[in-house]
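Observations on the model geometry
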Amino acid sequence: MQSLPSPSTRRSRITGSERLGPYMLLRLERGELEPGAPGQFFMLEAPGRLLPRPFSLCLAPPGELAFLVDPIGPGTEALSRLRPGDEIRVLGPLGHGYRLEVERPLLVAGGIGIAPLPYLAERLGGEPPVVLGFRSAEHAEAAALLPGAEVVIDPALVTELIEPGFDVLACGPEPMLQAVAALCPTAQLAWEAPMACGYGACYGCVVEIDGALKRLCLEGPVLDAARVGTHMEAVA
């Protein structure tokens, strides 16, 4: 069982941001926040919005925490407009991340699912192999976060690059994760579900896990493929 640091809420100052294709890499002052385990997540205050948004940690350079933002809605667009010196509330780290005790790691991601992989690769050490899939060449600019990664662009499928014999650690859209689970029953998969609080109070992220309805923010977001089979359904 991995030992997880206690989550805490802090006000954090924006130190910078940069574009990676359509995505925004948002850098925050670390302060007293702990980076936690790869695959854990943080709730970031979205200026002008009632609820925060969940993000897995992308990078943890000295003194900073960096998150990859896909500005596709009011909350993420508000975060992408933040400038150095702005401050937001940050809660985390939350949930359960990847288990790092694997012999032959292979990192797999689709689209914005690349977000937790740079920090994961750093913690694994030894430059593990990485395969990435994107919908367009513009989105594939995010592959710069993982130099040396093998990249495919739609209509090619990232699952076509998965070879047998690896310990797969994946993150991406649900159809991709379903395909990975079918190919690699021992894979570790980072799932997504709507989250309003991040610590189990709101029951907004209830999904089917181990054949029962459970809160993803507490059980995951990283789960063994066997716990979800080849499907995961959120409860409205």
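In short, a report on the structure. (Residues numbered from 1 in each chain as written. Predicted model: local features only at pLDDT ≥ 70, side-chain atom pairs only at ≥ 80, totals over all residues. Heavy atoms only, no water.)

Comments concerning the sheet that holds strand β11 (residues 188-190)
Read across the open sheet, the six strands follow the order β9-β8-β7-β10-β11-β14; overall the sheet is mixed. Looking at the sheet topology across the chains shown, the edges are occupied by β9 (150-153) and β14 (222-224). Averaged over all neighbouring strand pairs, the angle between strand axes comes to 20 degrees, with direction disregarded. Summarising the sheet, strand β8 (residues 130-134) and β9 pair through four bridges and their orientation is parallel. Opposite Val131, over in β9, you have Glu150 as the bridge partner. Helix α2 (residues 117-124) rests against β7 (105-110), β8 and β10 (167-171) of the sheet, and its axis sits at about 175 degrees to β7. Set on the sheet, helix α3 (residues 174-183) makes contact with β7, β10 and β11; between it and β10 the angle comes to about 170 degrees. (Pairing = 2+ DSSP bridges. Helix = DSSP H or I, 4+ residues; strand = E, 2+ residues; numbered from the N terminus. Axes fitted to C-alpha atoms, helices over the stretch in contact; angles between N-to-C directions. Contact = heavy atoms within 4.5 Å.)

Details of the nonpolar core
As a rule of thumb, nonpolar side chains are buried together in soluble globular proteins. Counting 30 residues, the largest nonpolar core has Val108, Val168, Ala170, Val180, Leu189 and Leu216 as its most contacted members. Taken together, the elements giving at least two residues each to this core come down to β3 (41-44), β6 (87-94), β7, β10, α3, β12 (206-209), α4 (216-219) and α5 (225-228). Here this core takes four residues from α3, the largest share from any one element. Counting 29 residues, the second largest nonpolar core, distinct from the first, contains Leu20, Ala109, Leu117 and Ala149. (Core = buried A, V, L, I, M, F, W, Y, C linked by side-chain atoms within 4.5 Å. Buried < 20%, exposed > 50% of the residue type's maximum accessible area, 1.4 Å probe, protein only.)

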